[in-house]
Amino acid sequence: MTKFRKLGRPTGHRMSMLRTMVSQLVKHERIETTVAKAKEVRRLADNMVQLGKEGSLSAARRAAAFVRGDDVIHKLFTELAYRYKDRAGGYTRLLRTRIRVGDAAPMAYIEFIDRENELRQSKPPTPQPPQRAPLDPWTKSRLSKQFAPPKEEKSSEPEI
């Protein structure tokens, strides 16, 4: 796997914690945790939704090797895959909430977007800019015509 935050834990404990958190996020669709953990869970949860959208047997086996529970696998490959079939990415949202009393750790909600009872509504998709015509390198630009004075033609006839 790629580089993860260490989160002050040995590798086995860290991976077990992240697997459990991703599974609980898929199951409940919103969890509260520290900001650092939420950023790691977001990466892994988005990957699991991608596997669910892929829908192949290989993707199902890869997801089952990571998340815990058959109900979570079923939800990934049915409900979440259908919900995000037209979305290219960004399936989760991170909302900072408070500072924890015991150790002053910044806390955050991580939740799936486009669902009922979400804490903040999704932004509408940004419209794509209109397609521009390809530039012809041999034509003069409008800027050169605007700022450069027109060239005067020299005549070969002597003026009297």
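The structure under discussion appears in the preceding block.
As the structure is a prediction and not an experimental result, all values here were calculated from the model. Chains are numbered independently. Their residues run from 1 in the order of the written sequence. Per-residue local features of the predicted model are confined to residues with pLDDT of at least 70, and side-chain atom pairs are confined, for both listing and counting, to 80 or more; whole-chain, interface and lining totals are unaffected and use all residues. Side-chain metrics rest on all non-hydrogen atoms present in the structure, leaving aside hydrogens and water.

## Some points on helix 2 (residues 35–54)
Stated precisely, the cut-off is as follows: Elements are defined by DSSP. Helices are runs of H or I of four residues or more, strands are runs of E of two residues or more, and each kind is numbered from the N terminus. A helix is expected to span 1.5 Å multiplied by its residue count minus one. By definition in these notes, contact holds between two residues if any of their heavy atoms fall within 4.5 Å.
With 20 residues, helix 2 ought to run about 28 Å at 1.5 Å a step, and its terminal C-alpha atoms sit 29 Å apart, in line with that. Buried residues belonging to helix 2 abut helix 1 (11–28), strand 1 (30–34), helix 3 (57–66), helix 4 (70–83), strand 2 (92–99) and strand 3 (106–112).

## Topic: helix 4
One turn of the α-helix equals 3.6 residues, which is why residues spaced by three or four share an orientation. Threshold: In this scheme, the bend at a residue equals the angle between the axes fitted to the seven residues that finish there and the seven that begin there.
Taking 1.5 Å as the rise per residue, helix 4 with 14 residues should run 20 Å; its terminal C-alpha atoms sit 19 Å apart, in good agreement. At leucine 76, helix 4 shows its largest kink, close to 35 degrees. Residues of helix 4 that are buried make contact with helix 1, helix 2, helix 3 and strand 3.

## What to know about the packing of helix 3 against helix 4
Applicable threshold: To define axes, lines are fitted to C-alpha atoms, for helices over the stretch in contact only, and angles between the resulting N-to-C directions are given on a 0 to 180 degree scale. Throughout this description, any angle smaller than 35 degrees is read as roughly parallel, any larger than 145 degrees as roughly antiparallel, any in the 65 to 115 degree range as roughly perpendicular, and the remainder as oblique. If you view the pair so one helix is near and one far, a crossing is left-handed when the near helix is turned anticlockwise from the far one by less than a right angle, and right-handed when it is turned clockwise. Side-chain classes are defined by residue name, with Ala, Val, Leu, Ile, Met, Phe, Trp, Tyr, Cys and Pro counting as nonpolar, Asp, Glu, Lys and Arg as charged, and the others, Gly among them, as polar.
With their axes 10 Å apart at the nearest point, helix 3 and helix 4 run at an angle of 140 degrees to one another. In terms of orientation, helix 3 lies oblique with respect to helix 4. As for how helix 3 packs across helix 4, the hand of that crossing is right-handed. In contact with Ala59, Ala60, Ala63 and Ala64 of helix 3, helix 4 contributes Ile73, Leu76 and Phe77. Of the residues belonging to the contact of helix 3 with helix 4, the class tally is seven nonpolar, no polar and no charged.

## Considerations on the nonpolar core
For clarity, the cut-off: What is meant by a nonpolar core is a set of buried Ala, Val, Leu, Ile, Met, Phe, Trp, Tyr and Cys residues, joined one to another through side-chain atoms within 4.5 Å. A simple rule labels every residue: compare its accessible area, found with a 1.4 Å probe on the protein chains alone, to the largest value its type can have, and call it buried under 20%, exposed over 50%, or partly exposed in between.
In terms of nonpolar packing, the biggest core is built from 30 residues, with Met48, Val67, Leu76 and Phe112 touching the most fellow members. If sequence neighbours within four positions are ignored, leucine 76 has contacts with Val26, Met48, Val49, Gly52, Ala63, Val67 and Ala81.

## As for the packing of helix 2 against helix 3
Where helix 2 meets helix 3, the closest approach of the two axes is 8 Å, and the angle between their N-to-C directions is 150 degrees. By the angle between their directions, the pair helix 2 and helix 3 is classed as roughly antiparallel. Taken as a pair, helix 2 and helix 3 cross one another with a handedness that is left-handed. Packed against helix 2, whose contacting residues are Leu44, Met48, Leu51 and Glu54, the element helix 3 presents Ala59, Arg62, Ala63 and Phe66 at the interface. Across the contact of helix 2 with helix 3, the residue classes tally to six nonpolar, no polar and two charged.

## Comments concerning the sheet that holds strand 3
Our working rule: DSSP calls a pair of strands paired once it identifies at least 2 bridges connecting them.
The strand order across the open sheet formed by three strands is 1-3-2, and the pairing between neighbours is antiparallel. Each edge of the open sheet is held by one strand with a lone partner, namely strand 1 and strand 2. Averaged over all adjacent pairs, the angle separating strand axes in this sheet is 25 degrees, with direction ignored. Pairing geometry for strand 1 and strand 3, over five bridges, is antiparallel. The partner of threonine 33 across the bridge, within strand 3, is alanine 108.

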